[in-house]
Amino acid sequence: MLSILIPTYNYVCVKLVTDLQQQAERLECPYEILVADDASEDAFKRENRKINGIPNCKYIELQENVGRSRIRNILGRLARYDYLIFMDCDASVVSNEFLSRYMAVRNAAEVVYGGLVHPEQLPSPKVSLAFFYEKHAEPHFTAEKRALHPYKVFRTFNFMILRETFLKHPFDETITHYGHEDTLFGLVLKKEGIKILHIDNPLMNCGLDTNRNVLRKTEESLRTLYVHRDKLERSSGVHRLYGTLQRLHLVLFVSLLYRLCRPMIRRNLYSRHPNLYFFAFYKVGYYCSLFDKNNSLVNQ
């Protein structure tokens, strides 16, 4: 009846699987937990192989890295049961009723999104940017507020979907780099008229990236947006702002200002107290710079 699907890359998720398996045993229905490894380093694979010793759990090792979209599609095709719960490998269970809450609303919608939360205290100065950014956004992503724009705020971190629906509408595998596979998936659900029910059934995000990785992934995500902008522009605030700047003939000015301020902004964003306004400008400036063919920073 229930397949729990977890893609992983360079992360040990044995505890997550153990906690989920203990909850699944109490559901009194058939279940499986499948973890697919996207060609992690050997040290992580050795630890995660312990998952094969947990009842009804299976650890699948891919020989090459296939990316965030394709690995989820692989898991969806391998799943045996009618309801699929997808989650990220760096999640942590925060409620003993996590699975039962999902199952209680399984007939209410084809897709149910549970949300996510973050630690209350800064775990380390090295992750300050991700922490403060996510904590600032967290109050705006309650189930009530998410429901106002159900397709816009969809994330792949923690959701349930009918297997039949997922197989008809898999993730777009043309997105092979980091970012926006969940945005595009939400747009497909909207286009097809598939209802998303938003509930407060969060998982904890325990894998906050370092400040340097946040910037690296942000830039990669913006390059993904640039490449797939024809598909994604309606749902991207950065691209909409770019359009406004373009109409005002300010794109080159913002790109130049970004290049001049980039070293100073990066120093701030690497610090213990990053300025989120600087981060917002960094994203817009970097995206504008992608349209400047003479800008060598986009390849750094």
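The structure this text deals with has already been given above.
The structure displayed is predicted, hence computed values, not measured ones.

Student: Would you take a moment to explain the side chain of N268 for this structure?
Tutor: As for its placement among the helices and strands, N268 is situated in helix α12 (residues 251–269). Engagement of the side chain of N268 in a polar contact is seen with the backbone nitrogen of N275, the distance being 2.8 Å. When near neighbours in sequence (up to four residues on either side) are disregarded, N268 contacts H273, P274, N275 and F278.

Student: For this particular structure, what's the right way to read empty space enclosed by the protein?
Tutor: Think of a ball as big as a water molecule: rolled over the atoms, this probe shows where empty space is left. Counting across every chain of the model gives one cavity of 30 Å³ or more. Roughly 110 Å³ of volume is contained in the largest cavity.

Student: Just checking my understanding: could you explain the nonpolar core for this structure?
Tutor: The nonpolar side chains of soluble globular proteins are, as a tendency, buried together. Counting 55 residues, the largest nonpolar core has I6, L20, M87 and F159 as the members making the most contacts within it. Formed by 29 residues, the second largest nonpolar core is a distinct cluster that contains A130, L269, Y286 and L290.

Student: I would appreciate a short explanation of the pairing of strand β8 (residues 158–162) in the present structure.
Tutor: Along a regular strand, successive side chains alternate from one face of the sheet to the other. Most of β8 is tucked away: four of the five residues are buried. In this structure, strand β4 (residues 83–87) lies alongside β8, joined through five bridges in antiparallel fashion. Along β8, the bridge assignment pairs L84 with I161. Across three bridges, the pairing between strand β6 (residues 111–113) and β8 is antiparallel. Following the sheet pairing, Y113 is matched in β8 by F159.

Student: Hey, could you run me through the packing of helix α9 (residues 211–227) against helix α13 (residues 276–290) in this one?
Tutor: A packed helix pair is summarised by two numbers, namely the angle formed by the two axes and the spacing between the axes. α13 packs onto α9 with a crossing angle of 45° between their chain directions and a minimal axis gap of 10 Å. Our classification of the angle between α9 and α13 gives oblique. Where α9 crosses over α13, the handedness of that crossing is right-handed. When α9 is examined against α13, the residues V214, L215, T218, E219, L222, R223, L225 and Y226 are found in contact with a partner set consisting of F279, Y282, K283, Y286, Y287 and L290. Across the contact of α9 with α13, the residue classes break down as ten nonpolar, one polar and three charged.

Student: Looking at this structure, how should I read the layout of surface pockets?
Tutor: What the second largest pocket holds in volume is close to 170 Å³. What lines the second largest pocket is H149, Y151, K152, T183, G186, L187, K190, R234, S235 and R240. Element by element, the count of residues in the lining of the second largest pocket is highest for helix α8 (residues 181–191), at four residues.

Student: How do you make sense of α9 when you look at a structure like this?
Tutor: Structurally, the α-helix is built with 3.6 residues per turn, so residues lying three or four positions apart point the same way. With 17 residues, α9 extends 24 Å between its outermost C-alpha atoms, agreeing within 8% with the 24 Å of an ideal straight helix rising 1.5 Å per residue. All of the buried residues in α9 are N211, V214, L215, T218, E219, E220, S221, L222, T224, L225 and Y226.

Student: Sorry if this is basic, but what is going on with unusual backbone geometry here?
Tutor: With the exception of glycine, most residues fall at negative phi, and the peptide bonds are largely trans. Phi at N56 is positive, roughly 65°, even though this residue is not glycine. With respect to the helices and strands, the residue N56 is situated in the loop between α2 (42–48) and β3 (57–61). You will see that H249, though not glycine, has its phi angle at about 60°, which is positive. By secondary structure assignment, the location of H249 is in the loop between α11 (237–247) and α12. H249 gets classed as exposed once you look at its relative accessible area, which sits at 72%.

Student: Please explain the pattern of salt bridges as it appears in this structure.
Tutor: Where charged atoms of side chains with opposite charge meet at close range, the side chains can pair. Here the structure, examined in full by the defined rule, presents 17 salt bridges. Between K15 and D19 there is a salt bridge, with the nearest N and O atoms lying 2.8 Å from each other. Here the residue K15 and the residue D19 both occupy positions in helix α1 (residues 14–25), the gap between them amounting to four residues, near one helical turn. Put simply, E120, K135 and E138 are held in one network by salt bridges that share partners.

Rules behind the numbers
- Residues numbered from 1 in each chain as written.
- Predicted model: local features only at pLDDT ≥ 70, side-chain atom pairs only at ≥ 80, totals over all residues.
- Heavy atoms only, no water.
- Helix = DSSP H or I, 4+ residues; strand = E, 2+ residues; numbered from the N terminus.
- Polar contact = N/O pair within 3.5 Å; in protein donor to acceptor, adjacent residues only side chain to side chain.
- Contact = heavy atoms within 4.5 Å.
- 1 Å grid on protein atoms, 1.4 Å probe; cavity = no way out; pocket = protein on both sides within 12 Å on 5 of 7 lines; lining within 4 Å.
- Points joined across faces, edges and corners; volume = space filled by probe spheres on them.
- Core = buried A, V, L, I, M, F, W, Y, C linked by side-chain atoms within 4.5 Å.
- Buried < 20%, exposed > 50% of the residue type's maximum accessible area, 1.4 Å probe, protein only.
- Pairing = 2+ DSSP bridges.
- Axes fitted to C-alpha atoms, helices over the stretch in contact; angles between N-to-C directions.
- Parallel < 35°, antiparallel > 145°, perpendicular 65-115°, else oblique.
- Left-handed = near helix turned anticlockwise from the far one by under 90°.
- Nonpolar A, V, L, I, M, F, W, Y, C, P; charged D, E, K, R; others polar.
- Expected span 1.5 Å × (residues − 1).
- Salt bridge = Lys/Arg side-chain N within 4 Å of Asp/Glu carboxyl O.

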